[in-house]
Amino acid sequence: MKKIISKSWEPEKYEKKLYSTWESKGYFKPEINPEGEPYSIIMPPPNANGSLHLGHAVFVTLEDIMTRYARMQGKAALWLPGADHGGFETQIVFEKKLEKEGKSRFGMDRNELYRMMWDFSLENKSGMEDQLRKLGASCDWDREKFTLDEDIVKIVNETFVKLYNDGLVYQDLRPVNWCTKHQTSLSDLEVKYEEQTDPLYFVKYQISNIKYQKYKSKIKNSEYLTIATTRPETIFGDTAIAVSPNDKRFAELIGLSVKIPLTEIEIPVIADKMVDPKFGTGAVKITPAHDPNDFEAGKRHNLEIKEVIDQYGRLNEKAEPFAGLKIFEARRQVVEAMKEKGILEKVDENYIHTVGKCYKCGAVIEPRVSKQWYIAVNKKGKKSGKILAKDALEAVKTGKIKFVSEKFEKIFYHWLTNIRDWNISRQIVWGIRLPVWYRKSNIKDQISNVKNADQKSQNENTKNAISTREVGFDSSGVGDGEVSEVYVGINPPDGWIQETDVFDAWFSSGQWPFAALKAQSGLSSKVQKSKSPESSDDYQKFYPTAVMETGWDILFFWVARMIMLGLYETSQVPFKTVYLHGLVRDKDRQKMSKSKGNVIDPLGVAEQYGTDAVRLALVFGTSAGNDIVISEEKIRGMRNFTNKIWNASRFVLINISGGDIAAGEVGDIRIQNTEYSSEYLTEADQQVLKVHKVIKSKVIKYLENYQFSQAAELLYDFFWHDFCDSYIEASKQQLAPPRESTKKDTKVQNYKSEIATSQTTRHDGNNETMRQWDNEVSENTKKVLIKILSETLAMLHPFIPFVTEAVWQELREVYSELKKSIMISTWPK
RNA sequence: GCACCCGUAGCUUAGUGGUAGAGCAUUCGGUUUACAUCCGAAGGGUCGUCCGUUCGAGUCGGACCGGGUGCACCA
């Protein structure tokens, strides 16, 4: 009986079924190769706050290729899936969702809000798991972890406590990047600087000391000292005017005082090296509470930190009569008032400078002095002797960690050598609360303070505030309530109250490789995973992991932190290789964004063209570190290839089954002759075998070097052109049964005698010999077809798992020697 | 300002010392017999410019031109 399969590849009929078979048979588990060398990849846990986009599809494809390849090489391959709570990002998504539903977070307490976000995240998490399955991810679901799992949280807290006891965690009052929309501090990485044009105001400060007469003789119009500023609304917070110590123009003024316009408060004129005499007027106002440089200058000169802008980005009572106004409106009104009083000397409307903005909402970052928790990255641990940044740098320099592509090593060095301490506390609800505790008696007052502030903002219908600092420190920053007793540890003394700030989510995901594995091992947790008892020594077995594969855009956010925290906690590198992929762009090289309307939904196109087509489109023509250009046309092209595979297989199936070969006998097909010099192998046979052999070694070389695109393109080209266009075409003649020459068969017979002529020693014109030769050629052709097809399918499997498995299963029905799944078959050598 | 990357066919891009490759697009031809989600063929590149190293350079070095990115920052 001839085996005939449908005329085209219909992914929707197979994908789901195949995936659940793989999963239920345990093929995703490293235990499928119990004796194999351990190989592990920890999945970058997607934020559980939405659905997967093409960027996720990229990591799924690449990591799945690596995992499937390792597995087929007989390694105990573990790809450990996970999800991240996403901290700040998730809270933003959730806030938007609330807004859409016409709800407000006000009136909700912290616990209620947290619970809602928990449900929201779990729902998204389970949706994303389904999507990962749809994309063919061969990860071990029994080992899945979430960054808020009890055992993970415990590990994260323990690391914090260890850092604290080692002197590498500290709390400090200093200017932070404050987003007035989201009401939280941000790390330096979360601030994006943008160039913009703003007016530069030249403001006159009246010189109040009598000695100015002397000065007057030198400069015209000298009752005033003029400064240049972009932020006139902060003058209420001025505590000095600074000039350069080397600037002769102002030498006489140092030590005198000037009056702040509008308030008439006197402030000193000081000399500080930070001032560039060539900029503006050579004199600058110092506002320590609202500018990081001024804060430093203030420290040098013991100046008061006078805060005039609150957490909501409004002027406070110190700026009467402008109190309550938002920064922009305040600036407008202050400038008006200055104009009226004639103290605005001039305005340069075309001043270009860079402004820090919240990377998420684009709101201008307001530097505010606030108490936050920091990790010291350049300091030596007093117990461990470790230095976070330096040790990380060393690991890369000594080659313990390699980057693909290498160019990232330079970028990594540059960043790490300039790194500053990391602010890890966030004033949001969604995250892991710091294991920091305060004694109750000290914070009562503060609780009421903050409640009042919240009440106020609620009344004024301020949309974007979630104040979470119910305890610990009030949100006004400066003048934070004195908390005399602080305890950092997992188990607090009785009656103490926990800090409400939560960790920057990168602090927990920065521990992900060892945390996710240790949590499996139960090394740090009472919670033993009953699901996978065989994994009790996962950390021992799989750490350090083989590869960390992720996007280069989170090299600093995540990869650098994993290296630092991994080395700190485990004294080993968390991974030996870092493979960084690029950003996904459309065919015009544009970033994909909803507003541009050029977003391709990976699940949508997978539905339409098949998952395999999408995966292949994501590796074809791409390389590590470079952007990934994809278009629907490209996906369509790859769909054509999967269909080509299906149809070539259809041809092979039709020809190796049925006819004069019974299905049972096909099981014996084996290519014995490795040198391809059999007397019954035609030139076409030998040619394709020869090329195929070269392809096999090249593909291995490419995969070992993370050149996935190279491997895929080589296989694509070989399969389509060498195998289909050349060999299958030739095989049509070779498979034809020997028969009398007819008009119809002239072509075939001519071809045959052509081949036969090339095998002159075997061809003596005798019909019997000819028939014998024909049979042998035909038999060998079938063997060659099966060998080439099955081995090429195996090599293509990591890239396009579904169509290769579907065909494999069909092939198995006529050629029973194949392993029961291509997934667990042996890599062709 | 400091640093990094890129410039190859109309478009998107592989290729890192040995006679320029692919996909898409274009043009022409074919195709009842695995596949029109197909087959065959063609056109199209002085590999940004210049100089150098080398028997030999898209590939290594230098300068320049053009495009992009990261980090830091001046009121």
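Provided above is the structure to which this section pertains.
Please read all numbers here as calculations on a predicted model, not as lab measurements.

## Here's the deal with the environment of K273
Topologically, K273 is positioned in the loop between β11 (266–271) and β12 (283–286). Among the residues examined, K273 registers a relative accessible area of 64% and is labelled exposed. Once you skip the residues sitting within four places of it in the chain, K273 turns out to touch P245 and R300.

## Describing empty space enclosed by the protein
Evaluated as defined, the whole model comprises two cavities of 30 Å³ or more. Of the pockets and cavities examined, the largest cavity occupies roughly 50 Å³. If you trace the largest cavity, you find it lined by V58, L62, Y579, H581, G582, L618, V619, T622, S623, N626 and I628. Counting residues per element, the ones that place at least two in the lining of the largest cavity are α2 (54–72), β23 (575–581) and α17 (611–619).

## Comments concerning the packing of helix α1 (residues 11–24) against helix α24 (residues 801–814)
Viewed as axis vectors pointing N to C, α1 and α24 meet at an angle of 80°, and their least axial separation amounts to 10 Å. Classed by the angle they form, the pair α1 and α24 counts as roughly perpendicular. For the pair α1 and α24, the contacting residues are Y14, E15, L18, Y19 and W22 in the first and P801, F802, E805, A806 and E810 in the second. Of the residues contributing to the contact of α1 with α24, the split by class is seven nonpolar, no polar and three charged.

## A look at the protein's contact with RNA strand B
Taken together, 42 residues lie near RNA strand B, and F279, N293, R589, Q710 and W720 sit nearest. What you see for RNA strand B is that sugar and phosphate hold 68% of its atoms within 4 Å of the protein. Within the side chain of N643, a nitrogen or oxygen atom sits 3.2 Å from a base oxygen of RNA strand B. Take A648: an N or O atom from its main chain is 3.3 Å from a base nitrogen of RNA strand B. For the surface near RNA strand B, the secondary-structure elements that each account for two or more residues are β7 (191–207), β8 (224–229), β13 (344–358), α10 (407–417), α18 (632–656) and α21 (708–735). Among the elements that line the surface near RNA strand B, the one with the most residues is α18, at eight residues.

## Looking at the side chain of S185
Secondary-structure assignment places S185 in strand β6 (residues 184–186). In terms of polar contacts, S185 uses its side chain to reach the side chain of Q372, at 3.3 Å. Polar side-chain contacts of S185 include one of 3.1 Å to the side chain of N423. The residues contacting S185, other than those within four sequence positions of it, are V176, N177, W178, Q372, N423, S425, R426 and Q427.

## Some words on the sheet that holds strand β20 (residues 496–498)
Read across the sheet, three strands follow the order β19-β18-β20 without closing on themselves; strand pairing throughout is antiparallel. Looking at strand neighbours, the two that pair on one side only are β19 (486–488) and β20, the edges of this open sheet. If you compare each strand with its neighbour and ignore which way they point, the axes differ by 35° on average. Where strand β18 (residues 436–439) lies against β20, three bridges are found, and the strand directions are antiparallel. Looking at β20, one finds that R439 is bridged to W496.

## Regarding the side chain of S40
Inspection of the secondary structure assignment puts S40 in strand β1 (residues 38–42). Of note is the side chain of S40, whose polar atom sits 2.8 Å from the backbone oxygen of F542.

Basis of the calculations
- Residues numbered from 1 in each chain as written.
- Chains lettered and ligands numbered in written order.
- Predicted model: local features only at pLDDT ≥ 70, side-chain atom pairs only at ≥ 80, totals over all residues.
- Heavy atoms only, no water.
- Helix = DSSP H or I, 4+ residues; strand = E, 2+ residues; numbered from the N terminus.
- Buried < 20%, exposed > 50% of the residue type's maximum accessible area, 1.4 Å probe, protein only.
- Contact = heavy atoms within 4.5 Å.
- 1 Å grid on protein atoms, 1.4 Å probe; cavity = no way out; pocket = protein on both sides within 12 Å on 5 of 7 lines; lining within 4 Å.
- Points joined across faces, edges and corners; volume = space filled by probe spheres on them.
- Axes fitted to C-alpha atoms, helices over the stretch in contact; angles between N-to-C directions.
- Parallel < 35°, antiparallel > 145°, perpendicular 65-115°, else oblique.
- Nonpolar A, V, L, I, M, F, W, Y, C, P; charged D, E, K, R; others polar.
- Near = heavy atom within 4 Å.
- Polar contact = N/O pair within 3.5 Å; in protein donor to acceptor, adjacent residues only side chain to side chain.
- Pairing = 2+ DSSP bridges.

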